[in-house]
Amino acid sequence: DSGVTQTPKHLITATGQRVTLRCSPRSGDLSVYWYQQSLDQGLQFLIQYYNGEERAKGNILERFSAQQFPDLHSELNLSSLELGDSALYFCASSVVFGDEQFFGPGTRLTVL
Amino acid sequence: AQSVTQLGSHVSVSEGALVLLRCNYSSSVSVYLFWYVQYPNQGLQLLLKYLSGSTLVKGINGFEAEFNKSQTSFHLRKPSVHISDTAEYFCAVSDYRGSNYKLTFGKGTLLTVNP
């Protein structure tokens, strides 16, 4: 158990819908990262937050957004969902920049 | 831009054999290097990391890796694998340029250990 929690574990929805994925980092970790894992793209970095502020963006679509709240939990919002958005979405956290990232168990999103 | 290449998407070995999983990276700046393991239907778990210092890094479950700056490689090895090592292994690099510490992952190598 990494100490990073993600909910829900599984999510099945339809095209065009909007979903919210939630992540609670390890106690004391200020940095939160979101990754997408799919068969064709592999593991792709989406976005990073540090203590409530966005610090880095990766291959995140405009339909996707995220935020980190004062209690340090983070949410990833995916809207206008397409079939190709079906993937595993991981959240990770770390104490400081560049050090080990601890990964949550992931949320498996299926878009039908 | 950083990139990570893992040679061999699937490696199959017998229990007790030596295994070497190859990882090469490209980056124009100094990097941190990581190996993660993903067991079926689970998240990623850190095996080992190189931040600085000794180029031979020992990790959990008997794994070790050697950082070679001139060859930009960070190969993972285990002298004697067990069936329970069957999993997917990811090499990742993070450079410390500015405040961007995102991990760039390789495509992964699926290791199958046969009895």
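Whatever comes next refers back to the structure up there.
Residues numbered from 1 in each chain as written. Chains lettered and ligands numbered in written order. Predicted model: local features only at pLDDT ≥ 70, side-chain atom pairs only at ≥ 80, totals over all residues. Heavy atoms only, no water.

(A) Structural detail: the interface of chain A and chain B. Listed by partner, the interface residues are 20 residues for chain A and 19 residues for chain B. Roughly 1600 Å² of surface becomes buried between chain A and chain B when both sides are summed, with 57% attributable to carbon and sulfur atoms. A salt bridge links Lys49 of chain B to Glu100 of chain A; the nearest nitrogen and oxygen atoms lie 3.8 Å apart. Counting across the chain A and chain B interface gives three residue pairs in polar contact (both at pLDDT 80 or more). Mapped by element, the contributors of at least two residues to the side of chain A that touches chain B are β4 (31-38), β5 (42-50), β6 (53-57) and β9 (87-94) of chain A. Considering only residue class, the side of chain A that touches chain B consists of ten nonpolar, six polar and four charged. (Contact = heavy atoms within 4.5 Å. Buried area = accessible area lost by both parts, 1.4 Å probe. Salt bridge = Lys/Arg side-chain N within 4 Å of Asp/Glu carboxyl O. Polar contact = N/O pair within 3.5 Å; in protein donor to acceptor, adjacent residues only side chain to side chain. Helix = DSSP H or I, 4+ residues; strand = E, 2+ residues; numbered from the N terminus. Nonpolar A, V, L, I, M, F, W, Y, C, P; charged D, E, K, R; others polar.)

(B) Local environment of the packing of aromatic side chains. Applying the stated criterion across every chain yields a total of 13 aromatic pairs over all chains. Residues Phe103 of chain A and Tyr36 of chain B carry aromatic rings whose centres are separated by 5.2 Å and whose planes lie at 75 degrees to one another, so their mutual orientation is edge-to-face. Here the residue Phe103 of chain A occupies a position in strand β10 (residues 102-103), and Tyr36 of chain B occupies one in strand β4 (residues 31-38), the pair thus bridging two chains. Among the aromatic residues, ring-to-ring pairing joins Tyr35, Phe45, Phe90 and Phe103 of chain A together with Phe34, Tyr36, Phe90 and Phe105 of chain B into one connected group. Looking at Arg26 of chain A, its charged tip hangs above the ring of Phe102 of chain A, at a distance of 3.6 Å from the centre. (Phe/Tyr/Trp six-rings, centres within 6.5 Å; stacked < 30°, edge-to-face > 60°. Lys NZ or Arg CZ within 6 Å of the ring centre and 35° of its normal.)

(C) Structural context of the environment of Val96 of chain A. Residue and element names in this part refer to chain A. The residue Val96 is located in the loop between β9 and β10 in this model. The partly exposed category is assigned to Val96, whose relative accessible area is 44%. Here the alpha-carbon distance between Val96 and Tyr50, two residues 46 residues apart in the chain, equals 9.0 Å. (Buried < 20%, exposed > 50% of the residue type's maximum accessible area, 1.4 Å probe, protein only.)

(D) Local environment of the sheet that holds strand β8 (residues 73-78) of chain B. Residue and element names in this part refer to chain B. Spatially, the five strands line up as an open sheet ordered β1-β3-β8-β7-β6, and their pairing is antiparallel. Looking at which strands have only one partner, the edges of the open sheet turn out to be β1 (3-7) and β6 (56-58). Strand-to-strand twist of the sheet, defined as the mean angle between neighbouring strand axes without regard to direction, takes the value 20 degrees. Bridge count for β1 against strand β3 (residues 19-26) is five bridges, and the pairing is antiparallel. What sits directly across from Leu7, in β3, is Arg22. (Pairing = 2+ DSSP bridges. Axes fitted to C-alpha atoms, helices over the stretch in contact; angles between N-to-C directions.)

(E) Quick peek at the pairing of β9 of chain A. All names here are of chain A. Across the eight residues of β9, eight count as buried, placing the element largely inside the fold. Residues Ala87, Tyr89, Cys91 and Ser93 line one face of β9 and the alternating positions Leu88, Phe90, Ala92 and Ser94 line the opposite face, and both faces are buried. Two elements, β4 and β9, share seven bridges in a ladder whose sense is antiparallel. Within β9, the residue paired with Ser31 across the bridge is Ser94. Where β9 and strand β11 (residues 107-111) come together, three bridges link them in antiparallel fashion. Within the sheet, the bridge partner assigned to Leu88 lies in β11 and is Arg108. Here β9 pairs with β10 via two bridges, running antiparallel.

(F) Spatial organisation of the nonpolar core. Among the nonpolar cores identified, the biggest contains 28 residues, and Leu33, Trp35, Leu47, Leu48, Phe74, Leu76 and Tyr89 of chain B are the most heavily contacted of them. Those residues in contact with Leu33 of chain B, other than ones at most four positions away along the chain, are Tyr25, Leu48, Lys49, Tyr50, Phe67, Phe74, Ala92 and Val93 of chain B. By size, the runner-up hydrophobic cluster in this structure holds 21 residues, among which are Cys23, Trp34, Ala66 and Leu109 of chain A. (Core = buried A, V, L, I, M, F, W, Y, C linked by side-chain atoms within 4.5 Å.)

(G) Main features of the state of the cysteines. Residue and element names in this part refer to chain B. By the definition in use, this model includes two disulfides over all chains. The disulfide bridge from Cys23 ends at Cys91, spanning 1.9 Å between sulfur atoms. Across the disulfide from Cys23 to Cys91, rotation about the S-S bond amounts to roughly -65 degrees, and the bridge is consequently left-handed. With Cys23 in strand β3 and Cys91 in strand β9 (residues 87-95), this pair connects stretches of sequence that are 68 residues apart. In this pair, the class of Cys23 matches that of Cys91, namely buried. (Disulfide = S-S within 2.5 Å.)

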